[in-house]
Every structure is written in structure tokens, then in C-alpha cells.
Amino acid sequence: MAEPNEFSSPAPQPTWMSRLGRVRLPLWAVLLVGVALLAVLGWQRVAMNRAEARLAAERQTLSSQFQADRSALVTELKAKVEANADETKRQFGLALAWAVRGEMIRNNLDQIDQFFTEIIKLPHTERALLADSTGKVRVSTDRRYLGVALSTLVPVEATLPGEVAVRAGPNETKLLVIPVMGLNSRLGTVVVSYRQPDVLVGN
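Residues numbered from 1 in each chain as written. Predicted model: local features only at pLDDT ≥ 70, side-chain atom pairs only at ≥ 80, totals over all residues. Heavy atoms only, no water.

K.L.:
Can you help me understand the side chain of Asp142 in this one?
P.N.:
Within the element layout of this structure, Asp142 appears in the loop between strand 2 (137-140) and helix 4 (156-159). Side-chain polar atoms of Asp142 contact the side chain of Arg144, separated by 2.7 Å. (Helix = DSSP H or I, 4+ residues; strand = E, 2+ residues; numbered from the N terminus. Polar contact = N/O pair within 3.5 Å; in protein donor to acceptor, adjacent residues only side chain to side chain.)

As C-alpha cells, then:
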């Protein structure tokens with residue numbers, strides 16, 4: 001029998017992996033570990049689902065808020081632009097009132113008809129007419145309305161104001177109502193019918 005000497009190799013020590021391999025866990029411990037792992041995985045899945053649902057709800061809230069803010073901004077812009085457009089129309093109406101007044105005093109309806117012919121060439125303008133002090137249409141770009149009572153074409157309340165005004169007309173039109181004043185009385189009324197374009201889309 002050989003005796004060990006100082007040059008012989010020591011016996012290898014078992015590692016923790018080898019020791020673990022020799023461990024025999026009872027079945028209940030294995031099941032317990034498995035259940036714990038499943039519980040952890042299930043909790044993580046639930047947490048992920050909740051996080052995804054919360055993110056989706058936040059995105060929906062932000063989208064709804066954006067749409068609401070955008071609608072409010074568009075409405076405000078339209079109101080401001082339309083107010084500016086109405087004021088521009090009123091200024092135009094004041095100038096037209098003076099021109100028509102001069103021709104009515106001279107009883108020059110042909111010149112007024114030429115004014116109106118040029119006016120309806122403007123974009124979105126549909127019709128221009130002049131009614132005398134009795135309310136009868138004397139000049140119109142649509143000849144069918146000559147001699148017709150103005151009240152059958154335009155709401156009476158729209159023609160009552162004694163100053164240039166923009167009124168709502170039928171079928172989403174607008175009416176530029178221009179009273180033509182003499183020295184002491186009203187000579188007649190000019191009504192220009194047009195459509196207000198959607199300034200945000202340019203049509």
C-alpha cells in the first residue's frame with residue numbers, strides 16, 4: 001500500500017453546486033416554490049395590465065383635452081375673423097350708401113344697376129337689390145324680383161335698423177342691409193346677400 005507523500009494532490013472538495021445537486025427537497029417544498037413563482041409572475045402581469053390601462057386612460061384624457069382645446073380655439077378664431085369680416089362689410093356698406101344716395105336723388109337707377117352688377121362679381125356674393133321708400137324693389141341683379149315687395153324677400157326685422165348692419169339671412173346666407181338716407185327721410189334700402197366663407201379652410 002502506497003503511502004501518501006508531500007507531493008500527492010489533495011482530494012477535491014465538493015462545490016456548492018455539487019452539494020445542491022445531492023439535496024433532495026421534499027415535494028411540498030417544490031410545490032411551495034412553484035406556487036410562489038406563479039404568484040410573482042401573476043402579480044407582475046396584473047401590475048403590467050394596470051399600468052397599460054392607466055397609460056391608455058391618460059392618453060385618452062389627453063386626446064380628449066386636446067380636441068376640446070382645439071375646438072375652442074377654432075371657434076374663437078372663427079368668431080374673431082367673422083367679426084372683422086362683418087366690420088369690413090359695414091364699412092363697404094357706408095361707402096355704397098353714399099354712392100346710391102347720390103344716384104337716387106338724381107333718379108339714375110341705371111347707374112345703381114351698374115354698381116350692383118360689379119358688386120355681385122365679388123366672391124361669395126349672390127344678389128344685390130334696392131327697394132324704394134315704399135318697400136318695392138326698383139333695382140335687382142335678379143330681374144325676377146323687380147317690382148316685388150322687399151318684405152317677401154327679406155325678413156322685415158332685418159331691414160328696420162337705421163344704420164348699416166349685417167344680418168343673418170335664409171339658408172345660411174348673410175345680408176348686408178344698407179339704409180339710404182335723405183336729408184329728412186329714408187330714400188330706400190339696399191340689401192346685398194352673400195355667403196360667409198369658412199376662413200379656416202379658405203372656401
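Here the narrative resumes.
K.L.:
What is the right way to look at the packing of aromatic side chains in this model?
P.N.:
Under the definition given, this model contains 0 aromatic pairs. Its end group placed over the ring of Tyr194, Lys89 keeps NZ or CZ at 4.4 Å from the ring centre. (Phe/Tyr/Trp six-rings, centres within 6.5 Å; stacked < 30°, edge-to-face > 60°. Lys NZ or Arg CZ within 6 Å of the ring centre and 35° of its normal.)

K.L.:
I tried to follow the layout of surface pockets on my own but got confused; where do I start?
P.N.:
Remark: the empty space left among the atoms is shown by a probe the size of a water molecule rolled over them. Quantified by volume, the largest pocket comes out at close to 250 Å³. In this structure, the largest pocket is lined by 14 residues; those nearest its centre are Ser133, Gly135, Leu150, Thr159 and Thr189. Elements with a contribution of two residues or more to the lining of the largest pocket: strand 1 (125-132), helix 4 and strand 5 (186-194). By residue number, the principal contributor to the lining of the largest pocket is strand 5, which donates 3 residues. Grouping the constituent residues of the lining of the largest pocket by class yields 5 nonpolar, 7 polar and 2 charged. Estimated volume of the second largest pocket: approximately 170 Å³. Leu94, Ala97, Trp98, Arg101, Gly162, Glu163, Val164, Pro179, Val180 and Met181 are the residues that line the second largest pocket. Mapped by element, the contributors of at least two residues to the lining of the second largest pocket are helix 2 (27-105) and strand 4 (174-181). Looking at the lining of the second largest pocket residue by residue, the class counts come to 7 nonpolar, 1 polar and 2 charged. (1 Å grid on protein atoms, 1.4 Å probe; cavity = no way out; pocket = protein on both sides within 12 Å on 5 of 7 lines; lining within 4 Å. Points joined across faces, edges and corners; volume = space filled by probe spheres on them. Nonpolar A, V, L, I, M, F, W, Y, C, P; charged D, E, K, R; others polar.)

K.L.:
I would appreciate a short explanation of the sheet that holds strand 2 in the present structure.
P.N.:
Neighbouring strands of a sheet are bound in pairs by backbone hydrogen bonds; such pairs are parallel or else antiparallel. With antiparallel pairing, 5 strands are arranged side by side in an open sheet as 2-1-5-4-3. Each edge of the open sheet carries a strand with a single partner, namely strand 2 and strand 3 (165-168). The sheet shows a mean angle of 25 degrees between the axes of neighbouring strands, taken without regard to direction. Across 3 bridges, the pairing between strand 1 and strand 2 is antiparallel. Pairing of Ala131 across the sheet is with Val137, part of strand 2. (Pairing = 2+ DSSP bridges. Axes fitted to C-alpha atoms, helices over the stretch in contact; angles between N-to-C directions.)

K.L.:
Explain the pattern of salt bridges here, please?
P.N.:
Two side chains carrying opposite charge are able to pair once their charged atoms lie near each other. Applying the stated criterion across every chain, the model contains 8 salt bridges. With its nearest N and O atoms 2.9 Å apart, the salt bridge here joins Arg143 to Asp113. Residue Arg143 is found in the loop between strand 2 and helix 4, and its partner Asp113 is found in helix 3 (residues 109-119); the two are separated by 30 residues along the sequence. Residue Asp113 is classed as buried on the basis of its relative accessible area, which comes to 17%. (Salt bridge = Lys/Arg side-chain N within 4 Å of Asp/Glu carboxyl O. Buried < 20%, exposed > 50% of the residue type's maximum accessible area, 1.4 Å probe, protein only.)

K.L.:
Would you take a moment to explain the environment of Arg144 for this structure?
P.N.:
Relative to the assigned elements, Arg144 resides in the loop between strand 2 and helix 4. Using a relative accessible area of 65% as the deciding quantity, one classes Arg144 as exposed.

K.L.:
Whenever I open this one, the pairing of strand 4 confuses me. Can you help?
P.N.:
Two faces, one strand: in a regular strand the side chains alternate between the faces of the sheet. Most of strand 4 sits inside the fold, with 7 of its 8 residues counted as buried. Direction of pairing for strand 3 relative to strand 4: antiparallel, over a ladder of 4 bridges. By the bridge assignment, Val166 is partnered in strand 4 with Leu176. What sits between strand 3 and strand 4 in their antiparallel hairpin is a turn of 5 residues, with Asn171 showing a positive phi close to 55 degrees. Both strand 4 and strand 5 contribute to a ladder of 8 bridges, which runs antiparallel. Residue pairing across strands places Val180 opposite Gly188, the latter belonging to strand 5. Between strand 4 and the antiparallel strand that follows it, strand 5, lie 4 residues.

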